[in-house]
Amino acid sequence: MERIKTLFHVIYANGTHLEVAALFDTIDDYDDAVEDIQGYIDNPEFYNQRCIRLTPYNPDINGDVIATDIILRLDDLIYVDAACETIKYEEPIA
């Protein structure tokens, strides 16, 4: 199955730099997340949510340690850069 792997580089007003790899099922899912982030940066007073939940990219989905959620805080966010690539992504073995 093909998915969209996105590497987000995030900078907060306090100087914190964060890099997270997220996984999206479709380009529309990616667009929705980016629109939420950009909308909050542009007009935070119109949003009642202060964070966004993303699905993490796990390079070894059947490994001993896997990430289950990415919670990205939107308060004081000043910069987001995203690099995307389409990848083959296998579902975990049950």
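Reading the values: the criteria
Residues numbered from 1 in each chain as written. Predicted model: local features only at pLDDT ≥ 70, side-chain atom pairs only at ≥ 80, totals over all residues. Heavy atoms only, no water. Pairing = 2+ DSSP bridges. Helix = DSSP H or I, 4+ residues; strand = E, 2+ residues; numbered from the N terminus. Axes fitted to C-alpha atoms, helices over the stretch in contact; angles between N-to-C directions. Contact = heavy atoms within 4.5 Å. Patch = residues over 30% accessible without salt bridge, like charges linked within 9 Å, V, L, I, M, F, W, Y side chains within 5 Å. Areas by Shrake-Rupley, 256 points an atom, 1.4 Å probe, with all protein chains shown as cover. Salt bridge = Lys/Arg side-chain N within 4 Å of Asp/Glu carboxyl O. Lys, Arg positive; Asp, Glu negative; His and termini not counted. Charge placed at Lys NZ, Arg CZ, Asp CG, Glu CD. Buried < 20%, exposed > 50% of the residue type's maximum accessible area, 1.4 Å probe, protein only.

**Observations concerning the sheet that holds strand 1 (residues 2–12)**
The sheet built from 3 strands is open, its strands ordered 2-1-5 with antiparallel pairing. Across the chains shown, the open sheet's two edge strands, defined by having one partner strand only, are strand 2 (17–24) and strand 5 (77–88). When the angles between neighbouring strand axes are averaged without regard to direction, this sheet yields 20°. With 11 bridges connecting them, strand 1 and strand 5 associate as antiparallel partners. Paired with Phe8 across the bridge in strand 5 is Ala82. Along the sheet, helix 1 (residues 27–42) contacts strand 1, strand 2 and strand 5; its crossing angle with strand 5, the most-contacted strand, is approximately 175°.

**Thoughts on a negative patch on the surface**
The grouping of Asp28, Asp29, Asp31, Asp32 and Glu35 at the surface amounts to a negative patch. Tracing the backbone shows Asp31 in helix 1. Using a relative accessible area of 31% as the deciding quantity, one classes Asp31 as partly exposed.

**Digging into the side chain of Thr6**
Here Thr6 is to be found in strand 1. With relative accessibility at 0%, the residue Thr6 sits in the buried group.

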